[in-house]
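Per-entry structural report
Below, each chain spelled out in residue letters.
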2 protein chains.
Amino acid sequence: MNLLFSSQIEPAQRWLPLLERALPQDRIYTEPRDDIDIALVATPHPGIFGKLPGLKLVQSLWMGVEKLLEDPELPRDVPLARLVDPGMVGAMSETVLAHVLDWHRHLYFYRRMQREKKWKRRGQSLPSDRTVGFLGLGELGTDAARKLLALGFKVCGWSRRPKRVAGVHCSTDLGEILGMSDALVCLLPLTGQTRGVLNAAAFARMPKGSCLINVARGGHVVSADLLAALDAGQLAHAYLDVFDAEPLPAASPLWTHPGVTVTPHTAALTEPRTAVPKVVENIERVRRGDAPLSLVDFAAGY
Amino acid sequence: MNLLFSSQIEPAQRWLPLLERALPQDRIYTEPRDDIDIALVATPHPGIFGKLPGLKLVQSLWMGVEKLLEDPELPRDVPLARLVDPGMVGAMSETVLAHVLDWHRHLYFYRRMQREKKWKRRGQSLPSDRTVGFLGLGELGTDAARKLLALGFKVCGWSRRPKRVAGVHCSTDLGEILGMSDALVCLLPLTGQTRGVLNAAAFARMPKGSCLINVARGGHVVSADLLAALDAGQLAHAYLDVFDAEPLPAASPLWTHPGVTVTPHTAALTEPRTAVPKVVENIERVRRGDAPLSLVDFAAGY
């Protein structure tokens with residue numbers, strides 16, 4: 001088969017050698033052609049989709065596809081697959097654990113004390129005293145939830161459709177989950193329904209002194225409401241990896257607020273070494289005539 | 001039996017109600033008496049040991065006993081037990097994981113970038129690319145090692161006596177372990193042999209750009225050598241919870257060095273809710289005439 005690799009962000013030299021080794025019988029191009037069967041894309045170069053008449057699959061190289069879905073050139077009659085990369089899933093759990101433990105062990109507080117040269121201890125909680133809530137219980141949420149359960153935390157989670165995850169209190173009632181979550185982790189897809197879900201009303205339902213970890217998309221959080229909740233002491237700290245505008249503009253008050261930790265959209269990167277086997281699996285499914293895995297539901301938006 | 005609770009630091013009101021509920025047949029005192037059978041101590045009030053002629057066991061309320069062993073009043077003919085508190089062991093693993101993940105996900109670096117309002121990404125490593133080394137493979141080291149293995153890290157460890165821990169490369173060769181450790185976690189007891197073990201020669205053997213996590217005792221680290229290794233870029237970051245003098249004096253350069261995270265000896269606190277069952281277990285062993293658990297080897301110093 002003929003494959004096209006097109007990305008303005010993912011470096012081709014990290015992907016092509018691995019793809020070529022795994023797919024010796026296929027040809028991989030970086031420019032559009034009439035005979036391309038499968039396009040492997042992440043922020044593809046503009047105009048490519050109009051030049052691929054024989055396309056059988058668009059395989060995203062990222063898990064999040066909201067930018068692709070906004071692209072008017074994306075063909076709606078060709079299946080689109082998200083990438084569920086085990087390395088990226090593991091990376092996201094590492095970041096979620098890092099932030100949950102930073103908050104649970106008061107490390108954000110001790111950093112503030114260090115700046116003032118203050119030796120000031122806070123009491124310790126057992127993980128069983130703490131409930132970590134997830135918004136979104138897909139591949140990312142369930143992996144992080146499982147690892148937090150193994151450390152002894154209580155875990156709950158909200159999803160649009162009913163789900164069952166062993167050991168996790170699952171609910172489709174957003175208010176219930178907000179009210180239980182000492183630390184709230186947002187891992188939702190960004191859709192019309194989830195935009196702005198983390199707003200003043202949501203923060204008011206959370207337990208006083210809780211923390212927010214947003215590793216999904218900037219559009220989930222109403223920043224002004226978040227800053228107000230931090231200033232009021234309703235939230236103790238926020239860990240933000242994603243923003244409405246990226247890079248985060250220098251004028252944003254999020255950079256300097258003492259209650260905000262900013263990271264540059266690096267919570268979890270796609271890892272070609274673990275992603276390529278998943279891409280290859282979908283290519284082989286197309287070759288055999290089977291349905292590809294992780295297909296996007298265009299109506300749901302993810 | 002008659003028990004004495006004596007501590008200048010541990011708050012009696014967090015321990016006594018739990019001890020009284022678990023030991024209804026015993027009497028618990030807070031002042032010395034001739035008929036005390038077991039002393040429960042953590043930095044006990046001075047002079048008490050001379051007033052306890054019938055003592056059968058000194059039960060530390062902490063895992064570290066180096067201060068007790070320095071106390072000239074401590075009777076050498078009465079068994080001394082360390083406290084292996086599952087809550088404290090779990091807390092230590094939480095702190096070790098928090099720091100390892102902070103380093104692995106470059107969060108210490110992104111905090112520096114945040115202060116400069118710089119949106120600058122670093123590449124991501126898989127946990128299988130990283131080796132975390134432990135100095136000390138006792139209860140604390142093995143619990144943290146197991147949890148890091150579950151996240152996919154490679155783990156090695158050094159101990160004075162040969163040990164076997166599933167999945168962990170164990171060695172009695174300190175230089176070998178230093179040379180392998182991208183992140184080095186010190187969990188040693190402080191003895192004549194381990195004082196100053198983390199010095200210029202040790203840092204020089206570690207891989208360039210590695211990090212140090214000291215959650216044992218301040219005496220393990222030669223601070224001037226550490227600052228030199230950080231300034232030279234040999235070490236990327238140091239997480240220090242313990243210091244030669246505590247509270248850390250305001251004049252210490254550790255407070256302000258950009259490569260150092262200071263926490264106020266809070267990596268893991270004894271947790272009465274999980275510790276009391278272990279204290280009660282040793283009390284019951286004395287009552288039955290069995291040997292108490294976790295006895296200190298006075299010659300080894302831990």
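Residues numbered from 1 in each chain as written. Chains lettered and ligands numbered in written order. Predicted model: local features only at pLDDT ≥ 70, side-chain atom pairs only at ≥ 80, totals over all residues. Heavy atoms only, no water.

**A short note on the overall build of chain A**
Rules: The way it works is that DSSP assigns letters per residue, a run of H or I at least four long becomes a helix, a run of E at least two long becomes a strand, and they are numbered from the N terminus. The reference for a compact globule is 2.2 Å times residues^0.38; the radius of gyration itself is calculated from the C-alpha atoms. Working definition: with a 1.4 Å probe on protein chains only, accessible area under 20% of the residue-type maximum means buried, over 50% means exposed, and in between means partly exposed. Residues are treated as being in contact if the distance between any of their heavy atoms lies within 4.5 Å. Computed with a 1.4 Å probe, the accessible areas rest on the Shrake-Rupley method; for each residue, only the protein chains presented here act as cover.
On a plain count of helices and strands, chain A comes out with nine helices and twelve strands. Radius of gyration (C-alpha) of chain A: 21 Å, near the 19 Å computed for a compact globule of 302 residues. Dimensions along the principal axes, computed over C-alpha positions, put chain A at roughly 65 × 40 × 35 Å. A buried classification covers 58% of the 302 residues belonging to chain A. If you take every contact in chain A between residues at least 6 apart in sequence, the share linking residues at least 24 apart comes to 62%. A total of about 12400 Å² of accessible surface is found on chain A, and carbon and sulfur atoms cover 53% of it.

**Comments concerning the relation of the copies chain B and chain A**
Quick reminder of the rule: Fitting of the copies onto one another was done by least squares over C-alpha atoms, counting residues only where both copies have pLDDT of at least 70.
Superposing chain B onto chain A takes a rotation of 180° plus a shift of 0.0 Å along the axis, which leaves an RMSD of 0.0 Å. The relationship between the two copies is best expressed as a two-fold rotation axis. For chain B, the smallest separation between a C-alpha atom and the rotation axis is recorded for Ala98 of chain B, amounting to 2.6 Å.

**What to know about the pairing of strand E9 (residues 183-186) of chain B**
Residues and elements named next belong to chain B. Where we set the bar: For two strands to be treated as a pair, DSSP must find at least two bridges joining them. Look down the strands so they point away from you; if the path from the first strand over the helix to the second goes clockwise, the crossover is right-handed.
Burial along E9 is two-sided: Ala183 and Val185 facing one way and Leu184 and Cys186 facing the other are all buried. When strand E6 (residues 131-135) meets E9, the two strands line up parallel, connected through four bridges. Each residue of the ladder has a partner; that of Leu135, found in E9, is Cys186. The pairing of E9 with strand E10 (residues 210-214) spans four bridges and is parallel. Paired with Val185 across the bridge in E10 is Ile213. Regarding topology, helix H7 (residues 200-205) serves as the crossover connection from E9 to the parallel E10, and that connection is right-handed.

**A look at the interface of chain B and chain A**
Rule in force here: Accessible-area loss on putting two parts together, using a 1.4 Å probe and summing over both, is the definition of buried area adopted here. Any carboxyl oxygen of Asp or Glu that lies within 4 Å of a side-chain nitrogen of Lys or Arg is treated as forming a salt bridge with it. A 3.5 Å cut-off defines polar contacts: any pair of N or O atoms within that distance qualifies, except that in protein one atom must be a possible hydrogen donor and the other a possible acceptor, and neighbouring residues in sequence count only when both atoms are side-chain atoms.
On the chain A side, the residues contacting the 49 residues of chain B number 49 residues. Where chain B abuts chain A, roughly 4400 Å² becomes buried across the two surfaces, and 63% of that area is made up of carbon and sulfur atoms. The tally of links from chain B across to chain A stands at four salt bridges. Arg105 of chain B serves as the salt-bridge partner of Glu94 of chain A, at 3.0 Å between the closest nitrogen and oxygen. Linking chain B with chain A are 26 residue pairs in polar contact (both at pLDDT 80 or more).

**Structural notes on the packing of helix H1 (residues 12-22) of chain B against helix H9 (residues 272-288) of chain B**
Residue and element names in this part refer to chain B. We apply this condition: A fitted line through C-alpha atoms represents every axis, and for helices the fit uses only the stretch in contact; the resulting angles, taken between N-to-C directions, go from 0 to 180 degrees. Oblique is the label for any angle not covered by the other classes, which are roughly parallel (under 35 degrees), roughly antiparallel (over 145) and roughly perpendicular (65 to 115). Working rule for handedness: look at the near helix, and if it is turned counterclockwise from the far one by less than a right angle, call the crossing left-handed; if clockwise, right-handed. When residues are sorted by character, Ala, Val, Leu, Ile, Met, Phe, Trp, Tyr, Cys and Pro go into the nonpolar class, Asp, Glu, Lys and Arg into the charged class, and all the rest, Gly among them, into the polar class.
Running from amino to carboxyl end, H1 crosses H9 at an angle of 45°, the nearest separation of the two axes being 10 Å. Relative to H9, H1 is oriented oblique. As H1 packs across H9, the resulting crossing turns out to be right-handed. Contacts between H1 and H9 involve Arg14, Trp15, Leu18, Leu19 and Ala22 from the former and Pro272, Arg273, Ala275, Val276, Val279 and Val280 from the latter. Along the lines of polarity and charge, the residues of the contact of H1 with H9 split into nine nonpolar, no polar and two charged.

**With respect to the domain arrangement of chain A**
Residues and elements named next belong to chain A. Defined as follows: What fixes the domain bounds is an automatic or database domain assignment.
Here the domain parsing of chain A yields domain 1 (2-85 + 271-288) and domain 2 (86-262). Of note, the centres of domain 1 and domain 2, computed from C-alpha atoms alone, are 32 Å apart. Listed as interface residues are nine residues of domain 1 and, on the opposing side, eight residues of domain 2. Each partner contributes to the roughly 750 Å² buried at the junction of domain 1 and domain 2, and carbon and sulfur atoms together form 61% of this total. Among the residues of domain 1 in contact with domain 2, Met63, Glu66 and Asp85 are the three that bury the most area, contributing 63% of the side total. On the surface where domain 1 and domain 2 come into contact, there are two salt bridges. Its salt-bridge partner being Glu66, residue Arg217 comes within 2.6 Å of it at the nearest N-O pair. The interface formed by domain 1 and domain 2 contains five residue pairs in polar contact (both at pLDDT 80 or more). A breakdown of the residues in the side of domain 1 that touches domain 2 according to their chemical character gives two nonpolar, two polar and five charged.

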